[in-house]
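Breakdown of the fold
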Amino acid sequence: MNAVSDGPAAVFKEHRELLFGIVYGMLGTVADTEDVLQDVWLAWERRSHGDPVEHPRAYVVRVAINAAIARQEAVKRRRETYIGPWLPEPVMSETAPDAAEPALRAESVSLALMVVLESLTPAERAVFVLADVFGYAHGEIAALLGRTPASVRQIAHRARSHVQARRPKFDVDPTVHRQVTERFMAAVSGGDIDALLGLMAPDVVLTCDGGGLGPAAGPRPLRDPARIASLLVSRRFRRHDGLEVQFRPVNGSPAALMIREGRVVGVLMLDLTPGLDRVAAVYAVTNPQKLSTLH
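This write-up is about the structure you can find in this document. Fair warning: this is a prediction, and the values are worked out from it, not measured in the lab.

Conventions and cut-offs
Residues numbered from 1 in each chain as written. Predicted model: local features only at pLDDT ≥ 70, side-chain atom pairs only at ≥ 80, totals over all residues. Heavy atoms only, no water. Helix = DSSP H or I, 4+ residues; strand = E, 2+ residues; numbered from the N terminus. Buried < 20%, exposed > 50% of the residue type's maximum accessible area, 1.4 Å probe, protein only. Contact = heavy atoms within 4.5 Å. Areas by Shrake-Rupley, 256 points an atom, 1.4 Å probe, with all protein chains shown as cover. Pairing = 2+ DSSP bridges. Phe/Tyr/Trp six-rings, centres within 6.5 Å; stacked < 30°, edge-to-face > 60°.

A separate point is the overall build of the protein. Looking only at helices and strands, the protein has 10 helices and five strands in total. The buried share of the protein, reckoned over its 295 residues, is 48%. For the protein, the proportion of contacts with a sequence separation of at least 24, taken over those separated by at least 6, is 65%. On the protein, roughly 14,000 Å² of surface is accessible, and the fraction owed to carbon and sulfur atoms is 50%.

Before going further, it helps to spend a moment on the pairing of strand β4 (residues 263–272). Across the 10 residues of β4, nine count as buried, placing the element largely inside the fold. The pairing of strand β3 (residues 253–260) with β4 spans six bridges and is antiparallel. Each bridged residue has a counterpart across the sheet, and for L257 the counterpart in β4 is V267. In this antiparallel pair of consecutive strands, β3 and β4, the connection spans two residues, and E261 shows a positive phi of 55°. Sheet analysis places β4 next to strand β5 (residues 279–285), joined by six bridges and oriented antiparallel. Along β5, the bridge assignment pairs L272 with V279. The loop that links β4 with its antiparallel partner β5 comprises six residues; one of these, L276, has a positive phi angle of about 65°.

Moving on to the packing of aromatic side chains. Counting across every chain of the model gives three aromatic pairs. Relative to Y24, the ring of F20 lies with its centre 6.0 Å away and its plane at 10°, an arrangement referred to as stacked. Within this pair, F20 and its partner Y24 are both found in helix α1 (residues 8–27), separated by four residues, close to a single helical turn. Judged by its relative accessible area of 10%, F20 falls in the buried class. For Y24, a relative accessible area of 1% puts it in the buried group.

Set out below in C-alpha cells:
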C-alpha cells in the first residue's frame, strides 16, 4: 500500500477490522473499543498531514495498542462497581469461509478465553493478543510496544503459561460444538432437567451477566449442576412469550441468541470439556446494554 497515494480515510478503513480485533481483545467492550478507534483515527488523520508514513499499518496498530493500554485502568475501575459477574461484551463473528487470515476475523477470541485474559496485566494481554490471536512475531511486537524482543518473549511466556493453566488449549470441532449447543438449548426450552444434567460436567460453572438490568444467576457464578439446570429452565431462556432462539457464531464460537420482538434479549455460549462430551461452563449475557450491537 502506498501511504502517499491513499488518503488517510482509505488507509484507516483498510486496517479498521484488524484494529477493532486487537483493541476488543484487550478491553472486552465494544463501546470502549470504538472510542479507542476514534482516537486512533484522529491521531492518524493529524499525522497524515505531515511527512509520509512508511508503514501505516504498524503506525495505527501502535497507536491503538497504546490507547487501549491507557484505557484499561478506567475499564477496570468500572468493573469494580459492576453488579454481579462481569463478562466481555459478545460480538457477532466473521462468517466468511475464506477469511483465513486471523487479522480478518476481528472477533476471533472466544468468550471463555476473554474471561481468562481479564486476569493478565495490560502488557501481558497486549502481547498475548498480538502474538497468539493475530500472529505477530516477537520482534514485531517489540517494535510496536517499544520493548526489546527478549522482554516480549518473557512476557509472552508468562501470559501463555497463565492462560494455559486456567484454560488448557484443545481443538473443538465447530460442528460438535453447535450440536451440543442445540441439544442444550432444546433441553432448556423443553424444561428437561434430566437431559441438562446429562449434558453437564459435574463441576460445570454458570456465569450469568445481567449487570443489574437483566435476569441473572446471583452475585457469583453458580457451580451446582442441579441448581444451574433448575435456573435455566425457569428463566427467559425457555421458549415462551414469543421468545425465538437462533444459533449463530458469537466470539468465534456457536451461540444461542434469544430474540423477542426482533431484539436480542440474551446470549448463551457453552465451553466444552477436552473430551467434548460434556459442558464445562455456561456463559449467559442478559445485560441489554451488552446486547445492543447484536442483530
